[in-house]
Amino acid sequence: MSAASLAAPPLTAWGIPAGEVMVIAGPCSAESREQVLETARALAPLKVRVLRAGVWKPRTRPGTFEGAGVEALAWVKEAGVEIGRPVAVEVATTGHIEAALKAGIDVLWIGARTSTNPIQMSELAEALRGTDVPLLVKNPVNPDVQLWLGAIERLASAGVRRLGAIHRGFSTHARSAYRNDPIWRIPLDLRRLAPGLPLLCDPSHISGTVGLIEAVAQNALDLLFDGLMIEAHRDPPAALSDAQQQLTPADLGALLGRLVRRSPTSSSDEYRARISALRLEMDEVDHGIIGLLASRMSIARRIAGVQKSNNVAAFQPDRWQATLESRTREGVEKGLDGEFMEELYALIHEETLRHKTEMP
Ligand code: PEP
Ligand code: MN
């Protein structure tokens, strides 16, 4: 099945008014009936559409709190009924799905460790066939948009209609201020491949600490994400999982009040005129970049000719090292990111070598 046939309806099909940023909030884990109820009551006055709580927790190491299990489903449902909100839990097995639906859970989500596994996703999709429960799919832990899309397509093929995706960041080896690196081009690529699919951001699992959550959430809104999933706990330092990234309901309320929703475009004449002028300028720069790249490759082919006729290797490690360092330094001096410069030059160098060696 192709991505085009995903045809997931927008969040209005979930009962969310058009233009509203859907906020899902609640504790990382349901720890006790009291903790869920107290947190839910504190969230009730906020613009939170769905109450979340993890019941089965996929923890990295054994011996940590792995969720209260089936028993907790009733606490979550009770809290949702009391505050008049639908509730969401994470499911990872067909048994979880069965138990969650039996307990009247309204929305399910699939976690980042589960969406990596196509066999598991097919089994979950089969277990959902014939149900009409809304389902959100977190991105797989590894930065692969096709794997994420594949997980969603498997659910769509099983007839799951109300689907959405949640960007929660990726595990990478790159040093990063984030717990899970928000490689924004991946969710934006998903949006390109599945244009109608509601796209949410989970700034809590991206950030790992409360200090970064607001900036990540605002960035998601700047990129026109449709919703946010944010962890909130009545007493974050006492939380049994993800204590450092959970907000108090009061702090969440203040944060939601500061976030600014952006509109897709503006019909103001002044806006249109300024954007058109700037886009023309940018188009000019892009033409320049493409022209310069083509010239660089043509010079590379001439260098290769001279090297070949002198029986010298096309690849000169010292020259490459010096080029990489000086170009990165120059870029950084001009305000460009060092890592970006290195990646860009690695790509340019790879293509230069291809031209020099005439490899396909
Ligand atoms: C969670 O939402 O609590 C969770 C475990 O998320 P993720 O799958 O993104 O790690
Ligand atoms: Mn969590």
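Residues numbered from 1 in each chain as written. Chains lettered and ligands numbered in written order. Predicted model: local features only at pLDDT ≥ 70, side-chain atom pairs only at ≥ 80, totals over all residues. Heavy atoms only, no water.

**Describing the environment of leucine 255**
Put simply, the rule reads: Starting at the N terminus, helices and strands are each numbered in turn, a helix being any DSSP run of H or I of at least four residues and a strand any DSSP run of E of at least two. Pairs of residues are marked as contacts when any of their non-hydrogen atoms sit within 4.5 Å.
Along the polypeptide, leucine 255 turns up in helix 9 (residues 249-258). Each C-alpha atom of the pair leucine 255 and isoleucine 213 lies 9.0 Å from the other, and the pair is 42 residues apart in sequence. Every residue in contact with leucine 255, bar those within four places of it in the chain, is listed here: Ile213, Glu214, Ile230 and Leu247.

**Notes on the side chain of lysine 138**
The condition is simple: Relative accessible area decides the class of each residue, using a 1.4 Å probe on protein chains only: under 20% of the type maximum gives buried, over 50% gives exposed, and in between gives partly exposed. Distance and chemistry together define a polar contact, namely a pair of N or O atoms within 3.5 Å, with one atom able to donate a hydrogen and the other to accept it when in protein, and with adjacent residues in sequence counting only for side-chain atoms on both sides.
By the element assignment, lysine 138 lies in strand 5 (residues 135-138). Judged by its relative accessible area of 5%, lysine 138 falls in the buried class. In this structure the side chain of lysine 138 is engaged in a polar contact, spanning 2.7 Å, whose partner is the side chain of aspartate 202. Apart from residues no more than four positions distant in its own chain, lysine 138 is found in contact with Arg52, Trp109, Ile110, Gly111, Ala112, Ser115, Trp148, Ile166, Arg168, Asp202, His205 and Met229.

**Regarding the state of the cysteines**
Rules: In this description, the term disulfide denotes a pair of cysteine sulfurs within 2.5 Å.
Tallied over the full model, the rule gives zero disulfides. In this model cysteine 201 remains outside any disulfide bridge; the closest cysteine sulfur is found in cysteine 28, 16 Å from its own.

**Overview of the nonpolar core**
So the rule is basically this: Definition used in this section: a nonpolar core is a set of buried Ala, Val, Leu, Ile, Met, Phe, Trp, Tyr and Cys residues joined via side-chain atoms within 4.5 Å.
Counting 73 residues, the largest nonpolar core has Leu108, Leu155, Leu163 and Leu252 as its most contacted members. The biggest single contributor to this core is helix 5 (residues 145-157), with seven residues. Apart from residues no more than four positions distant in its own chain, leucine 163 is found in contact with Leu6, Ala8, Trp14, Leu135, Ile152, Leu155, Ala156, Leu197 and Pro198. With 13 residues, the next largest nonpolar core counts Ile16, Met22, Trp109 and Leu200 among its residues.

**What about the pattern of salt bridges?**
The line we're drawing: When a carboxyl oxygen of Asp or Glu lies within 4 Å of a side-chain nitrogen of Lys or Arg, that pair is called a salt bridge.
One pass over the full model with this rule turns up 19 salt bridges. The closest approach of N and O atoms between glutamate 20 and arginine 49, which form a salt bridge, is 2.6 Å. Within this pair, whereas glutamate 20 is found in the segment before strand 1 (22-26), its partner arginine 49 is found in the loop between helix 1 (33-43) and strand 2 (50-52), the two being separated by 29 residues in sequence. Classification of glutamate 20 by relative accessible area gives partly exposed; the value is 28%. In this structure, arginine 258 and glutamate 214 form a salt bridge, with 2.7 Å as the shortest nitrogen-oxygen distance. Linking arginine 258 in helix 9 with glutamate 214 in helix 8 (residues 210-222), this pair joins segments that are 44 residues apart in sequence. Residue arginine 258 is classed as partly exposed on the basis of its relative accessible area, which comes to 47%. According to the relative accessible area criterion, glutamate 214 is partly exposed, its value standing at 26%. Each of Arg33, Glu34 and Glu78 takes part in a single network of salt bridges with overlapping partners.

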